[in-house]
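# Coordinate analysis (summary)
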Amino acid sequence: RPPPPPGRPAEPFEPQASRRVATRALAGLGPLETDLAAELRAALERAESASRRYAAERWWRREAAPVEDAWLEVEAAAGRGAQARRESRRMAREDWPRAEAEAAAVLAGARLRRVLPGEPDAAEARAASWLGAARRQAARGRFEQAIELAARSLAESETVERSWQAELARFRDPALMKLWERWTREAFAAAQRSARHLIVDKMNRRLTVYSGSRSVAEFDIELGRNGLERKLHSGDRATPEGRYRITELRGPGATRYHRALMLDYPNADDVRRFQAARRAGQVPAGSTPGGLIEIHGMGGAGRDWTDGCVALRNRDMDRLFRLVEVGTPVTIVGTHERRQAAG
């Protein structure tokens, strides 16, 4: 049998330490280091193949150099991966404050634009949850995970923002703005002799009692769950817009909402609008214009919750009850310019 080849050791390079280094490096690489992870896996497979070929050769034909070189390349690839990982973590640590601030700002804007405080919608709740989870990961030093969670929060908050902008679009419609302004002008013109009348501003969640052109009382209100939309049909939970009158005053015991002012909804305009929407296929089959729209008590929930009515706190409803009578006009608009502060 010939002696081992001169100039190289006959025994192969021991791979255990290199294998441990590669395993640790692979476990630490993140989603941004997929190319380095693939490179390290390929180097590891070449080294394992070299070791298997070495073991299969007759001892006098074995060459340790290719095995050693393959495992040294594994260590080099692992070192490049570890360096990239350290750099990624450093960048994530530096990027986290910006990512957190952006996600928090958009979420705060979504909350602000909800107008009325209270229960968030599903997308807003998810955004807040993701942001909370991101902050917890950052507190543990897991900045890459924190940035990923902050990105999810940002995406949900932007969903809320887009939804709000779509809802707000009708309040920028020049034709609607002119219509609401005309209704309020007509209401004030009809009350020139100091007659009482009510203006309900849906956007600002405000009911103002006027005596002629002078405001005498002002109340915070809550609307239907889809209150900023214009009511089209029964069950849509939207608060109607138009010019109405109080048809009945219901005191305690006559309503389950403390006190209530019944309105003459639907009026002729509401019926015409419903019929046009039905012809256009915009309302469900079997629906009606709806009815039983009231201004009532039991408000104060801090959110829009009714089936289309206007809700006040009970103490405000008690005061309003003393200021109106059957026949008092009520104008409900999307929004309007205030005439005068309450006095």
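Summarised in this report is the structure supplied together with it. (Residues numbered from 1 in each chain as written. Predicted model: local features only at pLDDT ≥ 70, side-chain atom pairs only at ≥ 80, totals over all residues. Heavy atoms only, no water.)

A word on the pairing of strand β2 (residues 206-211). In terms of burial, β2 is largely enclosed, as six of its six residues are buried. Because side chains alternate across β2, one face comprises the buried residues Arg206, Thr208 and Tyr210, and the other comprises Leu207, Val209 and Ser211, equally buried. Pairing analysis gives six bridges linking strand β1 (residues 196-201) to β2, with the strands arranged antiparallel. From the neighbouring strand, aspartate 201 faces β2, where its bridge partner is arginine 206. Hairpin connection of β1 to β2: four residues between the antiparallel strands, including arginine 205 at a positive phi of 50°. As judged from the six bridges shared by β2 and strand β3 (residues 214-220), these two strands associate in the antiparallel manner. Bridging from a neighbouring strand, threonine 208 pairs with glutamate 218 of β3. (Buried < 20%, exposed > 50% of the residue type's maximum accessible area, 1.4 Å probe, protein only. Helix = DSSP H or I, 4+ residues; strand = E, 2+ residues; numbered from the N terminus. Pairing = 2+ DSSP bridges.)

The next thing to look at is unusual backbone geometry. Of note, the bond from tyrosine 265 into proline 266 is cis; its omega dihedral lies within 30 degrees of zero at 0°. Among the structural elements, proline 266 can be located in the loop between β5 (260-263) and α7 (268-279). Backbone geometry places leucine 292, a non-glycine residue, at a positive phi of 55°. The residue leucine 292 is located in the loop between α7 and β6 (294-296) in this model. We classify leucine 292 as exposed; its relative accessible area is 63%.

A word on the pattern of salt bridges. Within this structure, the stated rule accounts for 24 salt bridges. Salt-bridge contacts for glutamate 39 lead to arginine 80; the nearest nitrogen and oxygen are separated by 2.3 Å. In this pair, glutamate 39 sits in helix α2 (residues 34-56) while arginine 80 sits in helix α3 (residues 64-112), placing the two residues 41 residues apart along the sequence. Judged by its relative accessible area of 36%, arginine 80 falls in the partly exposed class. The closest approach of N and O atoms between arginine 80 and glutamate 73, which form a salt bridge, is 3.1 Å. A single network of salt bridges, built from pairs that share partners, joins Glu39, Glu73 and Arg80. (Salt bridge = Lys/Arg side-chain N within 4 Å of Asp/Glu carboxyl O.)

Counting residues in each nonpolar core, the largest one holds 35 residues, and the members touching the most others are Leu198, Leu207, Val209, Ile295, Leu312 and Leu320. Discounting residues that sit within four places of it in the chain, leucine 207 has contacts with Leu198, Ile199, Val200, Ala217, Glu218, Phe219, Ile221, Ile295, Leu312 and Leu320. (Core = buried A, V, L, I, M, F, W, Y, C linked by side-chain atoms within 4.5 Å. Contact = heavy atoms within 4.5 Å.)

Another aspect to go through is the packing of helix α4 (residues 122-139) against helix α5 (residues 143-168). Put simply, α4 and α5 touch, their axes get as near as 8 Å, and they point 165° apart. Relative to α5, the element α4 lies roughly antiparallel. Seen along the crossing, α4 lies across α5 with a hand that is left-handed. Contacts between α4 and α5 involve Ala123, Glu124, Arg126, Ala127, Trp130, Leu131, Ala133, Ala134, Gln137 and Ala138 on the former and, on the latter, Phe143, Gln145, Ala146, Leu149, Ala150, Arg152, Ser153, Glu156, Ser157, Thr159 and Val160. Of the residues in the contact of α4 with α5, the class split is twelve nonpolar, five polar and four charged. (Axes fitted to C-alpha atoms, helices over the stretch in contact; angles between N-to-C directions. Parallel < 35°, antiparallel > 145°, perpendicular 65-115°, else oblique. Left-handed = near helix turned anticlockwise from the far one by under 90°. Nonpolar A, V, L, I, M, F, W, Y, C, P; charged D, E, K, R; others polar.)

Two strands pair when backbone bridges link them, and strand β4 (residues 242-250) and strand β8 (residues 329-333) are joined in this way by four bridges, in the antiparallel orientation. Residue arginine 243 lies in a different strand from β8, and its bridge partner there is threonine 331. Here four bridges tie β4 to β5, and the two strands are oriented antiparallel to one another. Its bridge partner being in β5, glutamate 248 is matched across the sheet by methionine 262.

Bringing the environment of arginine 205 into the picture now. Mapped onto the elements of the fold, arginine 205 is located in the loop between β1 and β2. Distance in space between the C-alpha atoms of arginine 205 and valine 310 is 9.2 Å, their sequence separation being 105 residues.

Counted under the stated rule, the structure contains four aromatic pairs. Their ring planes at 55° and their centres at 6.3 Å tell us that tyrosine 257 and tryptophan 305 sit as a pair that is tilted. Separated by 48 residues along the polypeptide, tyrosine 257 in the loop between β4 and β5 and tryptophan 305 in the loop between β6 and β7 (310-311) bring together distant segments of the chain. The two residues tyrosine 257 and tryptophan 305 agree in class, both being buried. The ring centre of tryptophan 130 lies 4.7 Å from the NZ or CZ of arginine 152, which sits over that ring. (Phe/Tyr/Trp six-rings, centres within 6.5 Å; stacked < 30°, edge-to-face > 60°. Lys NZ or Arg CZ within 6 Å of the ring centre and 35° of its normal.)

Before going further, it helps to spend a moment on the side chain of serine 88. With respect to the helices, strands and loops of the structure, serine 88 is situated in helix α3. Once residues lying within four places of it in the same chain are set aside, the contact partners of serine 88 are Glu33 and Glu144.

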